[in-house]
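Chain by chain, the residues run as shown.
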Amino acid sequence: MGTLLKIFCSAIFFLCASNSVFAAESVKINLTDAINLALKNNRAIEQSAEDREAARWHLSAARRSAGLHFSWSSSTSRIGGRMYNGLRESRYIFKGMSDEERDYRGYRLWQFPKYLSENTNNLELTFPLYSGGRLEGLREAAEYNLHSADLILENTRQEIKWRTAQAYFQVLQYNDLINVRQEEMNNLAEHLETVQIQYEVGTVAMSDVLATNVQLANSRQAYNSAQANYENAVSTLNDLIGLPVDTNLVINDELKYQPYENDEEFCLEYALSHRPDGIAATYAVKSSEASVSQARSGNRPNLTAVVSGGISGEGAFKADHSNGQEHWSAGVQMSWSIFDNNVTSAQVKQAKAEQRKAESQAKQQLETIRLEVHNAYTNLRIAEQNIKITATAIGQAHEQYLIAKVRYEEGVDTNLNVMDAQEKLTQARTNYYDALYFYNMSRAQLEKAMGMPIELDAAIYAAAVESGNAGKYSIKALEAAKVGE
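Residues numbered from 1 in each chain as written. Predicted model: local features only at pLDDT ≥ 70, side-chain atom pairs only at ≥ 80, totals over all residues. Heavy atoms only, no water.

Engineer: When you look at the overall build of the protein chain in this model, what are you seeing that I'm missing?
Structural biologist: Of the regular secondary structure elements, the protein chain holds 13 helices and six strands. Sorting the 485 residues of the protein chain into buried and exposed places 37% on the buried side. Counting only contacts in the protein chain whose residues sit at least 6 apart along the sequence, the fraction spanning at least 24 positions is 84%. On the protein chain, roughly 28300 Å² of surface is accessible, and the fraction owed to carbon and sulfur atoms is 53%. (Helix = DSSP H or I, 4+ residues; strand = E, 2+ residues; numbered from the N terminus. Buried < 20%, exposed > 50% of the residue type's maximum accessible area, 1.4 Å probe, protein only. Contact = heavy atoms within 4.5 Å. Areas by Shrake-Rupley, 256 points an atom, 1.4 Å probe, with all protein chains shown as cover.)

Engineer: In this structure, what is going on with the packing of aromatic side chains? I would like to understand it.
Structural biologist: Within a pair of aromatic rings, the relevant descriptors are the distance that separates the centres and the angle that separates the planes. This structure, assessed with the given rule, holds six aromatic pairs. Plain terms: the ring middles of Y168 and F169 are 6.1 Å apart, the flat faces sit at 75 degrees to each other, and that makes the pair edge-to-face. The exposure class of Y168 is buried, given its relative accessible area of 0%. Measuring from centroid to centroid gives 5.3 Å for Y432 and Y433, while their planes differ by 65 degrees, and the two rings are edge-to-face. Judged by its relative accessible area of 17%, Y433 falls in the buried class. (Phe/Tyr/Trp six-rings, centres within 6.5 Å; stacked < 30°, edge-to-face > 60°.)

Engineer: Would you mind showing me how to read the pattern of salt bridges here?
Structural biologist: Taken as a whole and judged by the stated rule, the model has 16 salt bridges. Notably, a salt bridge pairs R407 with D413, separated by 3.3 Å at the nearest N-O pair. Among the residues examined, R407 registers a relative accessible area of 36% and is labelled partly exposed. Among the residues examined, D413 registers a relative accessible area of 18% and is labelled buried. Each of E154, R157 and E455 takes part in one network of salt bridges that share partners. (Salt bridge = Lys/Arg side-chain N within 4 Å of Asp/Glu carboxyl O.)

Engineer: Looking at this structure, I do not really get the nonpolar core. What am I missing?
Structural biologist: Where a protein is soluble and globular, its nonpolar side chains tend to be buried together. If you look at the biggest cluster of nonpolar residues, it comprises 51 residues, and the most contacted ones within it are F169, L237, Y260 and L446. Broken down by secondary-structure element, the contributors of at least two residues to this core are α2 (31-41), α6 (134-200), α7 (206-241), α8 (264-274), α10 (343-409) and α11 (415-450). The greatest single-element share of this core, amounting to 13 residues, is contributed by α6. Judged by nonpolar contacts, the second largest core, of 15 residues, contains Y401, V418, A421 and L425. (Core = buried A, V, L, I, M, F, W, Y, C linked by side-chain atoms within 4.5 Å.)

Engineer: Honestly, the sheet that holds strand β5 (residues 302-313) in this entry has me stumped. Any pointers?
Structural biologist: Backbone-to-backbone hydrogen bonds pair the strands of a sheet. The strands run either parallel or antiparallel. Here we have four strands laid out as an open sheet, ordered β2-β3-β5-β6, and antiparallel in their pairing. Two strands close off the open sheet at either side, each with one partner strand: β2 (69-78) and β6 (325-335). For this sheet the average axis-to-axis angle between neighbouring strands, irrespective of direction, equals 15 degrees. Note that β5 and β6 share eleven bridges and pair antiparallel. If you follow T304 over to β6, its bridge partner there is Q333. (Pairing = 2+ DSSP bridges. Axes fitted to C-alpha atoms, helices over the stretch in contact; angles between N-to-C directions.)

Engineer: When you look at the packing of α8 against α11 in this model, what are you seeing that I'm missing?
Structural biologist: Packed helices, taken two at a time, are described by the angle between their axes plus the distance between the axes. Running from N to C, α8 and α11 cross one another at 45 degrees; their axes reach a closest spacing of 7 Å. Classed by the angle they form, the pair α8 and α11 counts as oblique. Taken together, the residues of α11 that come into contact with α8 (itself represented by F266, C267, Y270, A271 and H274) are L446, A449 and M450. Here the contact of α8 with α11 is composed, by residue class, of seven nonpolar, one polar and no charged. (Parallel < 35°, antiparallel > 145°, perpendicular 65-115°, else oblique. Nonpolar A, V, L, I, M, F, W, Y, C, P; charged D, E, K, R; others polar.)

Engineer: Before we go on, may I ask you to explain a nonpolar patch on the surface in this structure?
Structural biologist: There is a patch of nonpolar side chains on the surface, built from L68, F70, W72, L123, L125, F127, L129, Y130, V307, F317 and V332 and spanning about 1100 Å² of accessible area. Elements that contribute at least two residues to the nonpolar patch include exactly β2 and β3 (117-130). Of the residues forming the nonpolar patch, the biggest block, five residues, is contributed by β3. Judged by its relative accessible area of 33%, L125 is partly exposed. (Patch = residues over 30% accessible without salt bridge, like charges linked within 9 Å, V, L, I, M, F, W, Y side chains within 5 Å.)

What follows is the structure in C-alpha coordinates.
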(Lines give C-alpha, C1' and ligand atoms only; values in the text may rest on other atoms or scores of the structure.)
Protein backbone atom coordinates (compact mmCIF):
# COMPACT_ATOMS: atom_id res chain seq x y z
CA MET A 1 0.00 0.00 0.00
CA GLY A 2 2.86 2.35 0.81
CA THR A 3 4.48 1.65 -2.58
CA LEU A 4 1.25 2.49 -4.42
CA LEU A 5 0.93 5.71 -2.48
CA LYS A 6 4.48 6.71 -3.43
CA ILE A 7 3.79 5.96 -7.11
CA PHE A 8 0.58 8.01 -6.97
CA CYS A 9 2.32 10.97 -5.34
CA SER A 10 5.14 10.78 -7.89
CA ALA A 11 2.61 10.86 -10.73
CA ILE A 12 0.84 13.88 -9.25
CA PHE A 13 4.19 15.66 -8.82
CA PHE A 14 5.13 14.90 -12.44
CA LEU A 15 1.83 16.26 -13.74
CA CYS A 16 2.12 19.42 -11.68
CA ALA A 17 5.69 19.92 -12.84
CA SER A 18 4.62 19.38 -16.45
CA ASN A 19 1.80 21.91 -16.10
CA SER A 20 4.16 24.43 -14.55
CA VAL A 21 6.58 24.07 -17.42
CA PHE A 22 3.74 24.47 -19.90
CA ALA A 23 2.38 27.54 -18.12
CA ALA A 24 5.84 29.10 -18.02
CA GLU A 25 6.52 28.44 -21.71
CA SER A 26 8.95 31.02 -23.10
CA VAL A 27 8.45 32.89 -26.37
CA LYS A 28 11.21 34.94 -27.95
CA ILE A 29 9.76 38.14 -29.36
CA ASN A 30 10.60 41.61 -30.66
CA LEU A 31 8.47 44.66 -31.46
CA THR A 32 7.69 43.58 -35.03
CA ASP A 33 6.70 40.09 -33.88
CA ALA A 34 4.46 41.53 -31.16
CA ILE A 35 2.66 43.84 -33.59
CA ASN A 36 2.17 41.06 -36.16
CA LEU A 37 0.74 38.74 -33.50
CA ALA A 38 -1.60 41.47 -32.27
CA LEU A 39 -2.84 42.20 -35.80
CA LYS A 40 -3.51 38.50 -36.24
CA ASN A 41 -5.01 37.55 -32.89
CA ASN A 42 -6.54 40.61 -31.23
CA ARG A 43 -10.28 40.33 -30.59
CA ALA A 44 -11.00 43.99 -31.34
CA ILE A 45 -9.72 43.55 -34.90
CA GLU A 46 -11.71 40.35 -35.25
CA GLN A 47 -14.89 42.14 -34.18
CA SER A 48 -14.23 45.09 -36.46
CA ALA A 49 -13.74 42.69 -39.38
CA GLU A 50 -17.13 41.13 -38.63
CA ASP A 51 -18.68 44.62 -38.59
CA ARG A 52 -17.22 45.13 -42.05
CA GLU A 53 -18.61 41.78 -43.20
CA ALA A 54 -22.07 42.74 -41.90
CA ALA A 55 -21.87 46.06 -43.79
CA ARG A 56 -20.95 44.21 -46.98
CA TRP A 57 -24.00 41.96 -46.76
CA HIS A 58 -26.21 44.89 -45.82
CA LEU A 59 -25.15 46.55 -49.09
CA SER A 60 -25.82 43.33 -50.98
CA ALA A 61 -29.35 43.22 -49.54
CA ALA A 62 -29.93 46.89 -50.41
CA ARG A 63 -28.82 46.39 -54.01
CA ARG A 64 -30.95 43.29 -54.46
CA SER A 65 -34.00 45.12 -53.16
CA ALA A 66 -34.14 46.91 -56.51
CA GLY A 67 -34.34 43.66 -58.53
CA LEU A 68 -36.87 40.96 -59.31
CA HIS A 69 -38.83 39.38 -56.48
CA PHE A 70 -40.58 36.06 -56.95
CA SER A 71 -42.97 34.81 -54.30
CA TRP A 72 -45.15 31.76 -53.85
CA SER A 73 -48.00 31.45 -51.38
CA SER A 74 -49.89 28.23 -50.74
CA SER A 75 -52.68 27.16 -48.43
CA THR A 76 -54.69 24.00 -47.74
CA SER A 77 -58.04 23.95 -45.96
CA ARG A 78 -60.61 21.46 -44.75
CA ILE A 79 -64.08 22.75 -45.60
CA GLY A 80 -67.15 22.13 -43.43
CA GLY A 81 -70.12 23.73 -41.72
CA ARG A 82 -73.87 23.70 -42.15
CA MET A 83 -73.84 25.34 -45.54
CA TYR A 84 -71.41 22.91 -47.14
CA ASN A 85 -72.95 19.87 -45.44
CA GLY A 86 -76.45 20.83 -46.55
CA LEU A 87 -75.33 21.46 -50.08
CA ARG A 88 -73.60 18.08 -50.21
CA GLU A 89 -76.79 16.28 -49.03
CA SER A 90 -78.93 18.19 -51.54
CA ARG A 91 -76.54 17.23 -54.30
CA TYR A 92 -77.25 13.55 -53.81
CA ILE A 93 -81.03 14.22 -53.71
CA PHE A 94 -81.01 16.12 -56.96
CA LYS A 95 -78.58 13.74 -58.57
CA GLY A 96 -81.42 11.20 -59.13
CA MET A 97 -83.51 13.65 -61.11
CA SER A 98 -83.40 13.82 -64.84
CA ASP A 99 -81.80 16.80 -66.50
CA GLU A 100 -85.21 18.05 -67.65
CA GLU A 101 -86.64 17.84 -64.16
CA ARG A 102 -83.66 19.62 -62.64
CA ASP A 103 -83.88 22.29 -65.30
CA TYR A 104 -87.60 22.61 -64.72
CA ARG A 105 -87.06 23.11 -60.99
CA GLY A 106 -84.18 25.52 -61.62
CA TYR A 107 -81.42 23.50 -59.90
CA ARG A 108 -77.84 23.45 -61.13
CA LEU A 109 -75.64 20.56 -60.04
CA TRP A 110 -72.46 22.69 -59.90
CA GLN A 111 -74.09 24.80 -57.23
CA PHE A 112 -73.77 21.92 -54.80
CA PRO A 113 -70.07 21.14 -54.26
CA LYS A 114 -68.99 17.67 -53.33
CA TYR A 115 -65.37 18.46 -52.27
CA LEU A 116 -64.24 18.38 -48.64
CA SER A 117 -60.91 20.29 -48.96
CA GLU A 118 -59.45 23.20 -50.86
CA ASN A 119 -55.84 23.88 -51.95
CA THR A 120 -54.70 27.20 -53.37
CA ASN A 121 -51.36 28.19 -54.94
CA ASN A 122 -50.49 31.71 -56.03
CA LEU A 123 -47.30 32.91 -57.76
CA GLU A 124 -46.22 36.53 -58.09
CA LEU A 125 -43.30 38.20 -59.87
CA THR A 126 -42.64 41.89 -59.11
CA PHE A 127 -40.12 44.44 -60.29
CA PRO A 128 -39.89 47.95 -58.79
CA LEU A 129 -40.01 50.58 -61.54
CA TYR A 130 -39.97 53.68 -59.35
CA SER A 131 -39.70 53.95 -55.57
CA GLY A 132 -39.50 57.71 -55.15
CA GLY A 133 -35.81 57.49 -54.23
CA ARG A 134 -36.28 54.99 -51.38
CA LEU A 135 -34.28 52.13 -52.92
CA GLU A 136 -31.64 54.48 -54.32
CA GLY A 137 -31.17 56.13 -50.93
CA LEU A 138 -31.04 52.76 -49.19
CA ARG A 139 -28.34 51.54 -51.57
CA GLU A 140 -26.27 54.74 -51.40
CA ALA A 141 -26.35 54.79 -47.59
CA ALA A 142 -25.28 51.13 -47.49
CA GLU A 143 -22.39 51.84 -49.87
CA TYR A 144 -21.02 54.63 -47.68
CA ASN A 145 -21.52 52.48 -44.58
CA LEU A 146 -19.38 49.79 -46.18
CA HIS A 147 -16.67 52.32 -47.02
CA SER A 148 -16.79 53.51 -43.42
CA ALA A 149 -16.49 49.92 -42.18
CA ASP A 150 -13.37 49.41 -44.33
CA LEU A 151 -11.74 52.48 -42.82
CA ILE A 152 -12.85 51.73 -39.26
CA LEU A 153 -11.25 48.28 -39.59
CA GLU A 154 -7.99 49.93 -40.62
CA ASN A 155 -8.33 52.39 -37.75
CA THR A 156 -8.78 49.48 -35.35
CA ARG A 157 -5.58 47.91 -36.70
CA GLN A 158 -3.73 51.18 -36.11
CA GLU A 159 -5.16 51.45 -32.60
CA ILE A 160 -4.06 47.92 -31.73
CA LYS A 161 -0.60 48.54 -33.20
CA TRP A 162 -0.22 51.64 -31.04
CA ARG A 163 -1.45 49.87 -27.90
CA THR A 164 0.89 46.95 -28.58
CA ALA A 165 3.87 49.24 -29.07
CA GLN A 166 2.98 51.07 -25.85
CA ALA A 167 2.75 47.79 -23.93
CA TYR A 168 6.02 46.56 -25.47
CA PHE A 169 7.88 49.74 -24.49
CA GLN A 170 6.35 49.47 -21.02
CA VAL A 171 7.89 46.01 -20.63
CA LEU A 172 11.29 47.38 -21.66
CA GLN A 173 10.94 50.31 -19.26
CA TYR A 174 10.07 48.14 -16.26
CA ASN A 175 12.91 45.77 -17.10
CA ASP A 176 15.32 48.73 -17.05
CA LEU A 177 13.86 49.92 -13.74
CA ILE A 178 14.44 46.46 -12.27
CA ASN A 179 18.11 46.83 -13.21
CA VAL A 180 18.17 50.29 -11.63
CA ARG A 181 16.80 48.93 -8.37
CA GLN A 182 19.17 45.97 -8.51
CA GLU A 183 22.16 48.28 -8.83
CA GLU A 184 20.81 50.39 -5.97
CA MET A 185 20.56 47.32 -3.73
CA ASN A 186 24.11 46.27 -4.67
CA ASN A 187 25.49 49.73 -3.85
CA LEU A 188 23.65 49.87 -0.52
CA ALA A 189 24.73 46.36 0.41
CA GLU A 190 28.34 47.27 -0.33
CA HIS A 191 28.00 50.50 1.62
CA LEU A 192 26.46 48.61 4.57
CA GLU A 193 29.58 46.46 4.81
CA THR A 194 31.68 49.60 5.01
CA VAL A 195 29.44 51.09 7.70
CA GLN A 196 29.54 47.91 9.78
CA ILE A 197 33.34 47.77 9.60
CA GLN A 198 33.61 51.38 10.71
CA TYR A 199 31.09 50.78 13.47
CA GLU A 200 33.07 47.81 14.75
CA VAL A 201 36.20 49.93 14.98
CA GLY A 202 34.21 52.68 16.70
CA THR A 203 34.47 55.43 14.09
CA VAL A 204 30.69 55.70 13.43
CA ALA A 205 27.57 55.40 15.54
CA MET A 206 25.03 52.57 15.54
CA SER A 207 22.53 54.97 13.94
CA ASP A 208 24.49 54.79 10.67
CA VAL A 209 24.12 51.01 10.60
CA LEU A 210 20.41 51.20 11.32
CA ALA A 211 19.78 53.96 8.74
CA THR A 212 21.62 52.01 6.04
CA ASN A 213 19.68 48.84 6.85
CA VAL A 214 16.40 50.76 6.56
CA GLN A 215 17.49 52.25 3.25
CA LEU A 216 18.44 48.80 1.95
CA ALA A 217 15.05 47.41 3.01
CA ASN A 218 13.29 50.24 1.17
CA SER A 219 15.38 49.48 -1.88
CA ARG A 220 14.38 45.82 -1.77
CA GLN A 221 10.73 46.80 -1.53
CA ALA A 222 11.12 49.10 -4.55
CA TYR A 223 12.79 46.24 -6.43
CA ASN A 224 9.87 43.92 -5.68
CA SER A 225 7.43 46.56 -6.89
CA ALA A 226 9.41 46.98 -10.10
CA GLN A 227 9.37 43.22 -10.57
CA ALA A 228 5.58 43.14 -10.12
CA ASN A 229 5.16 46.02 -12.57
CA TYR A 230 7.25 44.13 -15.11
CA GLU A 231 5.21 40.94 -14.76
CA ASN A 232 1.95 42.87 -15.09
CA ALA A 233 3.27 44.64 -18.18
CA VAL A 234 4.19 41.28 -19.72
CA SER A 235 0.69 39.97 -18.99
CA THR A 236 -0.86 43.03 -20.63
CA LEU A 237 1.31 42.56 -23.70
CA ASN A 238 0.44 38.85 -23.85
CA ASP A 239 -3.26 39.68 -23.75
CA LEU A 240 -2.90 42.18 -26.61
CA ILE A 241 -1.00 39.80 -28.88
CA GLY A 242 -3.19 36.79 -28.16
CA LEU A 243 -0.87 34.68 -25.99
CA PRO A 244 -1.72 33.18 -22.58
CA VAL A 245 -1.22 35.87 -19.96
CA ASP A 246 1.35 33.76 -18.07
CA THR A 247 3.59 33.28 -21.11
CA ASN A 248 7.21 34.14 -20.36
CA LEU A 249 8.40 36.60 -23.01
CA VAL A 250 12.09 36.64 -23.90
CA ILE A 251 12.86 40.12 -25.23
CA ASN A 252 16.43 40.86 -26.28
CA ASP A 253 15.78 44.54 -26.82
CA GLU A 254 16.19 47.87 -25.05
CA LEU A 255 14.74 51.34 -25.22
CA LYS A 256 16.56 53.45 -27.81
CA TYR A 257 16.57 57.02 -29.00
CA GLN A 258 16.16 57.53 -32.74
CA PRO A 259 15.79 61.16 -33.88
CA TYR A 260 12.48 62.12 -35.54
CA GLU A 261 12.91 64.51 -38.46
CA ASN A 262 9.38 65.60 -39.46
CA ASP A 263 7.91 68.85 -38.15
CA GLU A 264 4.44 69.27 -36.67
CA GLU A 265 2.99 70.89 -39.78
CA PHE A 266 3.91 67.89 -41.91
CA CYS A 267 2.43 65.51 -39.35
CA LEU A 268 -0.84 67.42 -39.22
CA GLU A 269 -1.23 67.65 -43.01
CA TYR A 270 -0.55 63.95 -43.32
CA ALA A 271 -3.07 63.14 -40.58
CA LEU A 272 -5.85 65.22 -42.14
CA SER A 273 -5.54 63.30 -45.40
CA HIS A 274 -4.76 59.82 -44.02
CA ARG A 275 -6.63 59.31 -40.76
CA PRO A 276 -9.12 56.52 -41.57
CA ASP A 277 -11.54 57.53 -38.81
CA GLY A 278 -11.56 61.11 -40.13
CA ILE A 279 -12.49 59.97 -43.65
CA ALA A 280 -15.00 57.50 -42.21
CA ALA A 281 -16.71 60.43 -40.47
CA THR A 282 -17.22 62.16 -43.84
CA TYR A 283 -18.75 58.95 -45.22
CA ALA A 284 -21.12 58.91 -42.26
CA VAL A 285 -22.30 62.37 -43.35
CA LYS A 286 -22.91 61.18 -46.92
CA SER A 287 -24.75 58.13 -45.60
CA SER A 288 -27.02 60.37 -43.52
CA GLU A 289 -27.70 62.53 -46.61
CA ALA A 290 -28.82 59.42 -48.47
CA SER A 291 -31.07 58.55 -45.54
CA VAL A 292 -32.78 61.93 -45.88
CA SER A 293 -33.53 61.17 -49.53
CA GLN A 294 -34.81 57.78 -48.50
CA ALA A 295 -37.16 59.33 -45.92
CA ARG A 296 -38.54 61.80 -48.50
CA SER A 297 -39.67 58.92 -50.71
CA GLY A 298 -42.74 58.59 -48.49
CA ASN A 299 -44.20 61.64 -50.25
CA ARG A 300 -43.74 60.15 -53.71
CA PRO A 301 -45.58 57.42 -55.66
CA ASN A 302 -44.32 53.86 -56.04
CA LEU A 303 -44.59 52.03 -59.36
CA THR A 304 -44.20 48.25 -59.61
CA ALA A 305 -44.52 45.78 -62.49
CA VAL A 306 -46.48 42.69 -61.40
CA VAL A 307 -47.12 39.31 -63.02
CA SER A 308 -49.23 36.89 -60.96
CA GLY A 309 -51.18 33.69 -61.34
CA GLY A 310 -52.83 30.98 -59.26
CA ILE A 311 -54.91 27.83 -59.13
CA SER A 312 -57.27 26.31 -56.56
CA GLY A 313 -58.68 22.81 -56.30
CA GLU A 314 -59.24 19.81 -54.07
CA GLY A 315 -55.87 18.32 -55.05
CA ALA A 316 -52.57 20.10 -54.55
CA PHE A 317 -51.51 22.05 -57.66
CA LYS A 318 -54.79 21.08 -59.37
CA ALA A 319 -57.88 22.96 -60.52
CA ASP A 320 -60.23 19.99 -60.02
CA HIS A 321 -63.15 21.63 -58.21
CA SER A 322 -66.48 21.44 -59.94
CA ASN A 323 -66.08 25.20 -60.16
CA GLY A 324 -62.24 24.97 -60.27
CA GLN A 325 -60.33 28.21 -60.68
CA GLU A 326 -57.29 29.15 -62.72
CA HIS A 327 -56.18 32.75 -63.21
CA TRP A 328 -53.26 34.98 -64.20
CA SER A 329 -52.64 38.69 -64.59
CA ALA A 330 -49.86 41.04 -65.75
CA GLY A 331 -49.66 44.77 -65.36
CA VAL A 332 -48.42 47.73 -63.37
CA GLN A 333 -49.35 48.74 -59.84
CA MET A 334 -49.10 52.29 -58.52
CA SER A 335 -49.45 53.32 -54.90
CA TRP A 336 -49.25 56.81 -53.47
CA SER A 337 -49.76 57.78 -49.87
CA ILE A 338 -51.69 61.01 -50.23
CA PHE A 339 -52.01 61.65 -46.50
CA ASP A 340 -50.21 59.75 -43.76
CA ASN A 341 -50.93 62.07 -40.85
CA ASN A 342 -47.47 63.71 -41.28
CA VAL A 343 -45.56 60.49 -40.55
CA THR A 344 -43.26 61.05 -43.55
CA SER A 345 -42.67 64.67 -42.54
CA ALA A 346 -41.60 63.52 -39.08
CA GLN A 347 -39.29 60.89 -40.56
CA VAL A 348 -37.67 63.50 -42.83
CA LYS A 349 -37.06 65.81 -39.89
CA GLN A 350 -35.58 62.94 -37.91
CA ALA A 351 -33.24 62.07 -40.81
CA LYS A 352 -32.17 65.73 -41.12
CA ALA A 353 -31.41 65.88 -37.40
CA GLU A 354 -29.25 62.76 -37.73
CA GLN A 355 -27.52 64.36 -40.72
CA ARG A 356 -26.70 67.48 -38.69
CA LYS A 357 -25.40 65.25 -35.90
CA ALA A 358 -23.15 63.39 -38.37
CA GLU A 359 -21.83 66.71 -39.69
CA SER A 360 -21.06 67.86 -36.15
CA GLN A 361 -19.32 64.56 -35.38
CA ALA A 362 -17.21 64.90 -38.54
CA LYS A 363 -16.09 68.39 -37.46
CA GLN A 364 -15.38 67.10 -33.96
CA GLN A 365 -13.31 64.27 -35.42
CA LEU A 366 -11.14 66.75 -37.31
CA GLU A 367 -10.66 68.74 -34.10
CA THR A 368 -9.72 65.52 -32.29
CA ILE A 369 -7.18 64.67 -34.99
CA ARG A 370 -5.55 68.10 -34.69
CA LEU A 371 -5.42 67.78 -30.90
CA GLU A 372 -3.99 64.25 -30.92
CA VAL A 373 -1.26 65.18 -33.41
CA HIS A 374 -0.34 68.30 -31.46
CA ASN A 375 -0.21 66.51 -28.10
CA ALA A 376 1.76 63.54 -29.41
CA TYR A 377 4.26 65.79 -31.20
CA THR A 378 4.66 68.01 -28.14
CA ASN A 379 5.21 65.00 -25.86
CA LEU A 380 7.74 63.62 -28.34
CA ARG A 381 9.84 66.80 -28.34
CA ILE A 382 9.65 67.23 -24.55
CA ALA A 383 10.71 63.61 -24.02
CA GLU A 384 13.54 64.16 -26.50
CA GLN A 385 14.83 67.09 -24.43
CA ASN A 386 14.46 65.10 -21.21
CA ILE A 387 16.57 62.28 -22.62
CA LYS A 388 19.48 64.66 -23.13
CA ILE A 389 19.02 66.29 -19.73
CA THR A 390 18.74 63.04 -17.76
CA ALA A 391 21.65 61.43 -19.60
CA THR A 392 23.87 64.25 -18.35
CA ALA A 393 22.34 64.06 -14.88
CA ILE A 394 23.22 60.36 -14.57
CA GLY A 395 26.91 61.08 -15.03
CA GLN A 396 26.83 63.91 -12.51
CA ALA A 397 24.84 61.89 -9.95
CA HIS A 398 27.21 58.93 -10.30
CA GLU A 399 30.23 61.18 -9.73
CA GLN A 400 28.55 62.76 -6.70
CA TYR A 401 27.86 59.30 -5.26
CA LEU A 402 31.47 58.18 -5.68
CA ILE A 403 32.74 61.35 -4.01
CA ALA A 404 30.35 61.00 -1.06
CA LYS A 405 31.29 57.34 -0.66
CA VAL A 406 35.04 58.04 -0.60
CA ARG A 407 34.61 60.97 1.77
CA TYR A 408 32.58 58.78 4.14
CA GLU A 409 35.20 56.03 4.08
CA GLU A 410 37.81 58.66 4.95
CA GLY A 411 35.63 59.92 7.82
CA VAL A 412 35.06 63.42 6.45
CA ASP A 413 31.40 63.04 5.39
CA THR A 414 28.18 61.66 6.82
CA ASN A 415 26.25 58.51 6.08
CA LEU A 416 23.21 60.64 5.28
CA ASN A 417 25.04 62.31 2.39
CA VAL A 418 26.04 58.92 0.96
CA MET A 419 22.47 57.63 0.97
CA ASP A 420 21.21 60.95 -0.39
CA ALA A 421 23.69 60.69 -3.26
CA GLN A 422 22.53 57.12 -3.90
CA GLU A 423 18.88 58.25 -4.02
CA LYS A 424 19.76 60.97 -6.50
CA LEU A 425 21.64 58.48 -8.68
CA THR A 426 18.66 56.11 -8.64
CA GLN A 427 16.29 58.96 -9.44
CA ALA A 428 18.48 60.18 -12.30
CA ARG A 429 18.61 56.73 -13.87
CA THR A 430 14.85 56.28 -13.35
CA ASN A 431 14.20 59.65 -15.00
CA TYR A 432 16.37 58.65 -17.96
CA TYR A 433 14.49 55.44 -18.65
CA ASP A 434 11.18 57.22 -18.11
CA ALA A 435 12.20 59.77 -20.74
CA LEU A 436 13.22 57.00 -23.15
CA TYR A 437 9.89 55.27 -22.60
CA PHE A 438 7.84 58.44 -23.13
CA TYR A 439 9.83 59.28 -26.25
CA ASN A 440 9.26 55.90 -27.88
CA MET A 441 5.64 55.82 -26.72
CA SER A 442 5.00 59.35 -28.03
CA ARG A 443 6.55 58.44 -31.36
CA ALA A 444 4.25 55.42 -31.68
CA GLN A 445 1.32 57.59 -30.57
CA LEU A 446 2.22 60.19 -33.19
CA GLU A 447 2.19 57.53 -35.90
CA LYS A 448 -1.28 56.51 -34.75
CA ALA A 449 -2.43 60.15 -34.68
CA MET A 450 -1.14 60.60 -38.23
CA GLY A 451 -2.90 57.47 -39.50
CA MET A 452 0.21 55.69 -40.74
CA PRO A 453 -1.20 52.84 -42.86
CA ILE A 454 -0.89 49.18 -41.94
CA GLU A 455 -2.89 47.30 -44.58
CA LEU A 456 -4.85 50.16 -46.15
CA ASP A 457 -3.81 53.66 -47.26
CA ALA A 458 -6.91 55.68 -46.39
CA ALA A 459 -6.00 58.59 -48.70
CA ILE A 460 -5.71 56.32 -51.74
CA TYR A 461 -8.91 54.52 -50.74
CA ALA A 462 -10.82 57.82 -50.53
CA ALA A 463 -9.45 58.92 -53.91
CA ALA A 464 -10.61 55.65 -55.48
CA VAL A 465 -14.11 56.08 -54.02
CA GLU A 466 -14.27 59.71 -55.15
CA SER A 467 -13.21 58.87 -58.71
CA GLY A 468 -15.83 56.13 -58.97
CA ASN A 469 -13.21 53.39 -59.35
CA ALA A 470 -14.54 51.71 -56.21
CA GLY A 471 -17.53 50.32 -58.10
CA LYS A 472 -20.66 49.29 -56.23
CA TYR A 473 -18.62 47.42 -53.66
CA SER A 474 -15.38 48.44 -51.96
CA ILE A 475 -13.29 45.66 -53.51
CA LYS A 476 -11.60 47.85 -56.11
CA ALA A 477 -10.91 50.60 -53.61
CA LEU A 478 -9.36 48.04 -51.24
CA GLU A 479 -7.16 46.71 -54.02
CA ALA A 480 -6.04 50.20 -55.01
CA ALA A 481 -5.24 51.21 -51.44
CA LYS A 482 -3.59 47.97 -50.30
CA VAL A 483 -0.25 48.57 -48.64
CA GLY A 484 2.65 46.42 -49.84
CA GLU A 485 4.59 44.07 -47.61
